[in-house]
Amino acid sequence: MRAIAERFIKNTDFTEDEFRMLVECAEDPEAAELLTQEAVRIRKKHYGDKVYIRGLIEFTNYCRNDCGYCGIRRGNLHARRYRLTKEEILECCARGYELGFRTFVLQGGEDRWFTDERMADIIRSIRASYPGCAITLSIGERSYESYRLLKEAGADRYLLRHETADEEHYGKLHPSEMSLAVRKMCLYDLKLLGYQVGAGFMVGSPGQTADCLAKDLLFLKELRPHMVGIGPFVPHHDTRFAQEKAGSVELTLFLLSVIRILLPKVLLPATTALGTMDPQGREKGLQAGANVVMPNLSPRKNRKQYELYDNKICTGEEAAECLECLARRVEQAGYHLCSGRGDALQE
Ligand code: SAM
Ligand code: FES
């Protein structure tokens, strides 16, 4: 297994079969260690010890989709729904700016109430108040025209995980009206429009195999996104996957290293799901090649309601108010929090 890890470090131009063999190296501590060391070397070469921060504003938990794994899917009648007003969103930005955030991530379910006009109005207001800040959207699948309007209004980046690049697996996780083809088309549309684009997937989602992960890596290699969000799958009690096992922290860390080597300059967050599964998860993520953290800037009163999975952390040190504690933890892990937009480096 060491041999395939060494080969990947020399040349990442792998086929699907080779990626599958690489994924299987996660079982081999020696091969995994080799990949981690190389990932850290690459992240230090491009980003030094810098860790970028993004202020996450979860502005609506209404969603028209019914993704099998997700706690805020349309079919979950137990979810207490909320949507922030434009004023509340702007207050989050103001608080975030004070705290030192220079990127705001507006994330939500696919909520039709937020039409292009309403979204564009919010984006324009943020842009006018904070001309030096980056605006990232994470609001799911929309039309090319919608993405174009939102870009024109001032959005810079877009996060849309592909979730899994295996057709059959995609079908198991999602309702029949959703498709991997549409998801991929959205990602290519966003790229074409000049957004900095983030793809990604859950690790250990129900039915995922090494073959699925090989397809994920192949798709990332083909798309070449600026950002990649991966985190362990965590079950939610009100979904059909409630009894499934959560994804593994070790495999997530392994894949973070692989992705850092595959896409050397990529912006790679140590995600909340990783921090939920392991109290040291985000620090471990940074030590495996991640270079971004996304503290929660949503209003405290709504944080519990954006419950994508059980026990999602939202009021401890991952919260934006606790930036000082986070900064200390990041220092202890050997890195340094950095305010600034933290745009993707040019290829
Ligand atoms: N609606 C937007 C979208 O679909 O891109 C953004 C919100 S969506 C909740 C954000 C991400 O949460 C998804 O891409 C998914 O990977 C992740 N997620 C949802 N349920 C999860 C679970 N049970 N465990 C881990 N991650 C989950
Ligand atoms: Fe829409 Fe999860 S199903 S955000």
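Higher on the page you've got the structure.
Here's a quick rundown of the structure. (Residues numbered from 1 in each chain as written. Chains lettered and ligands numbered in written order. Predicted model: local features only at pLDDT ≥ 70, side-chain atom pairs only at ≥ 80, totals over all residues. Heavy atoms only, no water.)

1. Structural notes on the site of ligand 1
- Taken together, 17 residues surround ligand 1, and among them Tyr69, Gly108, Arg161, Glu163 and Val234 come closest.
- Backbone polar atom of glycine 108 to a nitrogen atom of ligand 1: 2.9 Å apart, as the coordinates give it.
- In the model, an oxygen atom of ligand 1 is placed 2.5 Å from a nitrogen or oxygen of the glutamate 163 side chain.
- Here ligand 1 loses 92% of its free accessible area of 560 Å² to cover by the protein chains.
- Residues belonging to the shell around ligand 1 are distributed by class as follows: 10 nonpolar, five polar and two charged. (Near = heavy atom within 4 Å. Polar contact = N/O pair within 3.5 Å; in protein donor to acceptor, adjacent residues only side chain to side chain. Areas by Shrake-Rupley, 256 points an atom, 1.4 Å probe, with all protein chains shown as cover. Nonpolar A, V, L, I, M, F, W, Y, C, P; charged D, E, K, R; others polar.)

2. As for helix 2 (residues 16-24)
- Listed in full, the buried residues belonging to helix 2 are Glu18, Phe19, Leu22 and Val23. Down the axis of helix 2, the smallest arc covering the buried residues is 145°, so these residues share one side.
- Among the structural elements, helix 1 (2-10), helix 3 (29-47), helix 9 (210-223) and helix 10 (249-262) are those in contact with the buried residues of helix 2. (Buried < 20%, exposed > 50% of the residue type's maximum accessible area, 1.4 Å probe, protein only. Helix = DSSP H or I, 4+ residues; strand = E, 2+ residues; numbered from the N terminus. Arc of directions from axis to C-beta. Contact = heavy atoms within 4.5 Å.)

3. Quick notes on the environment of glutamate 38
- Along the polypeptide, glutamate 38 turns up in helix 3.
- Residue contacts for glutamate 38: discarding those within four places in its chain leaves Ile9 and Ile261.
- At 2.9 Å, the side chain of glutamate 38 forms a polar contact with the side chain of arginine 41.

4. Considering the pattern of salt bridges
- Scanning the model with the defined rule gives 29 salt bridges in all.
- Among the ionic pairs, aspartate 17 bridges to arginine 20, the shortest N-O distance being 3.2 Å. With aspartate 17 and arginine 20 both in helix 2 and three residues apart, the pair spans about one turn of that helix.
- Exposure remark for aspartate 17: the relative accessible area of 46% places this residue in the partly exposed category.
- In this structure arginine 20 comes out as partly exposed when scored by relative accessible area, which is 22%.
- Between arginine 74 and glutamate 177 there is a salt bridge; the shortest N-O distance is 4.0 Å. Residue arginine 74 is found in the loop between strand 2 (55-60) and helix 4 (86-99), and its partner glutamate 177 is found in the loop between helix 7 (167-173) and helix 8 (180-192); the two are separated by 103 residues along the sequence.
- With relative accessibility at 43%, the residue arginine 74 sits in the partly exposed group.
- For glutamate 177, a relative accessible area of 55% puts it in the exposed group.
- It is possible to trace a salt-bridge network through shared partners that takes in Arg127, Asp156, Arg157, Arg341 and Asp343. (Salt bridge = Lys/Arg side-chain N within 4 Å of Asp/Glu carboxyl O.)

5. What about the state of the cysteines?
- Applying the stated criterion across every chain, the model contains one disulfide.
- A disulfide bridge connects cysteine 322 with cysteine 325, and the sulfur atoms are separated by 2.3 Å. Classification of the bridge connecting cysteine 322 and cysteine 325 rests on its S-S torsion, roughly -60°, and on that basis the disulfide is left-handed.
- Given a relative accessible area of 15%, cysteine 325 falls into the buried group.
- Cysteine cysteine 67 is unpaired, with the sulfur of cysteine 70 as its nearest cysteine sulfur at 6.1 Å.
- Cysteine 133 takes part in no disulfide bond, and the closest cysteine sulfur, belonging to cysteine 93, lies 8.1 Å away. (Disulfide = S-S within 2.5 Å.)

6. What about the packing of helix 1 against helix 2?
- Following both chains from N to C, one finds helix 1 and helix 2 inclined at 120°, their axes separated by 9 Å at the closest point. Taken together, helix 1 and helix 2 sit at an angle that is classed as oblique. Crossing of helix 1 over helix 2 shows left-handed handedness. Residue-level contacts link Ile4, Ala5, Arg7 and Phe8 of helix 1 to Glu18, Phe19, Met21 and Leu22 of helix 2. (Axes fitted to C-alpha atoms, helices over the stretch in contact; angles between N-to-C directions. Parallel < 35°, antiparallel > 145°, perpendicular 65-115°, else oblique. Left-handed = near helix turned anticlockwise from the far one by under 90°.)

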